[in-house]
Amino acid sequence: MAMRSKTPDFPSPVLLTTTEDVVRVCEKLQQEPFVTIDTEFVRERTYWPELCLVQLAGREDVVLIDTLAPGIDLTALGQLLAEPDCIKVFHAARQDLEIFLHIFDRLPVSVFDTQVAAMVAGFGDQVGYDSLVGAITGRSIDKAHRFSDWAARPLTKAQIAYAAADVTHLRTVYLALRKQLEEQGRLHWADAEQGVLTEESTFRPDPRRLWEKLKARTSNRRMLGVLREIVAWREQEAQNANLPRQRLIRDESLLEVAAIRPQDVDALARVRGVTRGFAEGRMGTGLLDAVRIGEDLPEADLPRPPSKGDRTRPSTALVALLRVLQAAKCEQHKVAPRLVASSDDLDRIALGETDVGALKGWRRELFGLDAQALVRGEIALAVVDGSVELQRVRAPAE
């Protein structure tokens, strides 16, 4: 665990409302080794987040860009995010990165996520920003304005102070975490974990794979084919209309549509959650067309049920032992268990599979090798002085 670090005093935040000010500040920040970033947005009524505020902190500057200011141009911000020599520090970066990808059509480069780094450093699973700031600096964060209406103008002094705190304390957190990871020899672990944040597919999933998230309890491939088509249709319509998926039509209604496969407006209007107006309108026509596409798919093109249900089930007891081993190794090395192995990883290791994430890279050394040895019966788990320890009971197989 990191020692508490003294938080430096920062200047009062400045609200930027003109393109000229954004250009001036962003050009200056591009020259710095790192800049901390956060965003405030609203998304309750839209598919795409509506960006309301961008907070930036450098060595001498704490600024809030009012992205709703009339005529403001964010091109200079995009250039800052694309500067490879300036590290962009976020906490829990995924939503921020999704916003910037949508605005600039490219992801920020040289990203460091302090939530991921904190898990690698031993601060627990998905530690919150306020908890992390408290652990490292000893200061508390006032979260009273977490649910503010950030689209309302003018912003209050309290909102501005709250928003600025999300990037000022983050500088101290970043420096402390980076120092600790370097001392632990784990900086490359954090880099490996953050690799997913550099892939556009993380934020732009294939619409034709989204049906899998609905977890339809069926092995009927024709139903799954229809479900794939209508879920992909909804995704495209939601994006085009900038409406939340569930507001357009709920998952439960799509599952029923896939099951009964309505062929006309009357049948569609009888589906739970589907109004007569929806069924008779353009959306209803598009949904019925998607159903017909699924109905007409050749047998060879129909999706198969997720393979996990068809796979041989591992021994429940063996998986439980692997979970104990995982907990013991993570406790020993002070790293969050969810980073080391997923439940699916444990199932596959128990079955003797080798192409498993937990058996690669740093996870292999920390957990994977011992996990395989446990499955082969070469080691056992024992309680010694109140702690779980490994004991070799058989020589490794040649």
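Before reading on, note that the structure itself is shown above.
Parameters and conventions
Residues numbered from 1 in each chain as written. Predicted model: local features only at pLDDT ≥ 70, side-chain atom pairs only at ≥ 80, totals over all residues. Heavy atoms only, no water. Helix = DSSP H or I, 4+ residues; strand = E, 2+ residues; numbered from the N terminus. Buried < 20%, exposed > 50% of the residue type's maximum accessible area, 1.4 Å probe, protein only. Contact = heavy atoms within 4.5 Å. Lys, Arg positive; Asp, Glu negative; His and termini not counted. Charge placed at Lys NZ, Arg CZ, Asp CG, Glu CD. Axes fitted to C-alpha atoms, helices over the stretch in contact; angles between N-to-C directions. Left-handed = near helix turned anticlockwise from the far one by under 90°. Nonpolar A, V, L, I, M, F, W, Y, C, P; charged D, E, K, R; others polar. Salt bridge = Lys/Arg side-chain N within 4 Å of Asp/Glu carboxyl O. Pairing = 2+ DSSP bridges.

## Description of the overall build of the protein
Counting its secondary structure elements, the protein contains 17 helices and eight strands. For the protein, the spread of C-alpha atoms along the principal axes amounts to about 70 × 65 × 35 Å. A burial count over the protein gives 48% of its 398 residues as buried. Within the protein, contacts between residues separated by at least 24 positions form 64% of all contacts whose residues are at least 6 apart in sequence. Averaging the locations of the 53 positively and 59 negatively charged side chains of the protein gives two centres separated by 4 Å.

## What about the packing of helix α8 (residues 221-241) against helix α13 (residues 282-296)?
Where α8 contacts α13, the axes come no closer than 8 Å and their chain directions differ by 145 degrees. You can see that α8 and α13 cross each other, and the crossing is right-handed. Seen from α8, the contacting residues are Arg222, Gly225, Val226, Glu229, Ile230, Trp233 and Glu237; seen from α13, they are Arg282, Met283, Gly286, Leu287, Ala290, Val291, Ile293, Gly294, Glu295 and Asp296. For the contact of α8 with α13, the class distribution of residues is eight nonpolar, three polar and six charged.

## Side note on the pattern of salt bridges
Under the criterion given, the structure shown has 30 salt bridges. When the shortest N-O distance is used, the salt bridge between lysine 28 and aspartate 61 registers 3.0 Å. Linking lysine 28 in helix α1 (residues 19-29) with aspartate 61 in the loop between β3 (50-57) and β4 (62-66), this pair joins segments that are 33 residues apart in sequence. On the basis of relative accessible area, aspartate 61 is assigned to the buried category, the value being 14%. Here arginine 209 and glutamate 212 are joined by a salt bridge, their closest N and O atoms 2.8 Å apart. Exposure remark for arginine 209: the relative accessible area of 49% places this residue in the partly exposed category. Using a relative accessible area of 31% as the deciding quantity, one classes glutamate 212 as partly exposed.

## Comments concerning helix α3 (residues 94-104)
Every buried residue of α3 is listed here: Asp96, Leu97, Glu98, Ile99, Phe100, Leu101 and Phe104. Those residues of α3 that are buried lie in contact with β2 (34-42), β3, α2 (75-81), β5 (87-90) and β6 (111-113). Directly beyond the C-terminal end of α3, a positive phi value near 60 degrees is found at aspartate 105.

## Focus on the sheet that holds β3
Read across the open sheet, the six strands follow the order β1-β4-β3-β2-β5-β6; overall the sheet is mixed. Where the open sheet ends on each side, the last strands, each with one partner, are β1 (14-16) and β6. The sheet shows a mean angle of 30 degrees between the axes of neighbouring strands, direction not considered. Direction of pairing for β2 relative to β3: antiparallel, over a ladder of seven bridges.

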